[in-house]
Amino acid sequence: MKRFERPSFLQTIRWRVRLGWAALAAMLVYMVVVAELGGGDSRTMSDLASSMSRILFFGGMIAVGVRIHHNRKLLRDAALRKEQFVRERDERNRFLHDKSGGAVLDALLLCIWFVTVTCALFDNAAFLASFAILVTALALKGAAYFAYSRLG
């Protein structure tokens, strides 16, 4: 039986760049699909829903673009890549991330973000509920991170 070998940090960064570009492409496809389905009608959206859909969607696109830029910069500069490797493997940072929800909460936040943007474009009542859940989840993650960072 073949053992799983962890990819090198350089390969991990390359995959992050590829996934970032795939995420940007998926976001553009999402934008076209929503427009074709008639979402984002300003006559039915509240001002909050309209503002938040733009902030969340385009803010997400900008965040993905910044991450792509950062990872491409790491691919070019070995010293920066080594610093990033040390930062990501630091036990305290991993502890704080795990105790504040870890990868599972990060994935859940991404799903709630997607639902909130979609609800903002189609249904105001559903948007208000999902927006409240998103804000609550972010506040809980932030509070847990802050509380655990003060322990040590």
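Here, every reference points to the structure presented above.
Residues numbered from 1 in each chain as written. Predicted model: local features only at pLDDT ≥ 70, side-chain atom pairs only at ≥ 80, totals over all residues. Heavy atoms only, no water.

Caption draft 1: Molecular detail of the overall build of the chain. When its secondary structure is counted, the chain shows six helices and zero strands. Put simply, the chain runs from its N terminus to its C terminus through helices and strands in the order α-α-α-α-α-α. Relative to a compact globule of 152 residues, whose C-alpha radius of gyration would be 15 Å, the chain shows 19 Å and is clearly more extended. The C-alpha extent of the chain, read off along each of the three principal axes, is 55 × 35 × 35 Å. Every one of the 152 residues in the chain was classed for burial, and the buried ones make up 28%. Long-range contacts, defined as pairs at least 24 residues apart, comprise 78% of the intrachain contacts of the chain with a sequence gap of at least 6. A total accessible area of about 10500 Å² is found for the chain, and carbon and sulfur atoms account for 66% of it. Counting 21 positive and 12 negative side-chain charges, the chain places the averaged centre of each group 8 Å from the other. (Helix = DSSP H or I, 4+ residues; strand = E, 2+ residues; numbered from the N terminus. Rg over C-alpha atoms; globule rule 2.2 N^0.38 Å. Buried < 20%, exposed > 50% of the residue type's maximum accessible area, 1.4 Å probe, protein only. Contact = heavy atoms within 4.5 Å. Areas by Shrake-Rupley, 256 points an atom, 1.4 Å probe, with all protein chains shown as cover. Lys, Arg positive; Asp, Glu negative; His and termini not counted. Charge placed at Lys NZ, Arg CZ, Asp CG, Glu CD.)

Caption draft 2: The arrangement of the environment of Arg16 in detail. Among the secondary structure elements, Arg16 is positioned in helix H1 (residues 9–36). With relative accessibility at 28%, the residue Arg16 sits in the partly exposed group. For the pair Arg16 and Leu28, spaced twelve residues apart in sequence, the C-alpha separation works out to 18 Å. Residues contacting Arg16, with those up to four places away along its chain left out, are Phe9, Asn71 and Glu88.

Caption draft 3: Representation of the environment of Asp90 within the structure. Among the secondary structure elements, Asp90 is positioned in the loop between helix H3 (78–89) and helix H4 (91–99). Looking at Asp90, the relative accessible area reads 33%, which means it is partly exposed. Considered as a pair, Asp90 and Val29 are 61 residues apart in the sequence and their alpha carbons are 37 Å apart.

Caption draft 4: Quick peek at the packing of aromatic side chains. Taken as a whole and judged by the stated rule, the model has six aromatic pairs. Residues Phe9 and Phe85 carry aromatic rings whose centres are separated by 5.2 Å and whose planes lie at 70 degrees to one another, so their mutual orientation is edge-to-face. In this pair, Phe9 is assigned in helix H1 and Phe85 in helix H3, connecting sequence segments 76 residues apart. Ring geometry for Phe95 versus Tyr148: centroids 6.0 Å apart, planes at 90 degrees, classification edge-to-face. Placement of the pair is Phe95 in helix H4 and Tyr148 in helix H6 (residues 124–151), with a sequence separation of 53 residues. (Phe/Tyr/Trp six-rings, centres within 6.5 Å; stacked < 30°, edge-to-face > 60°.)

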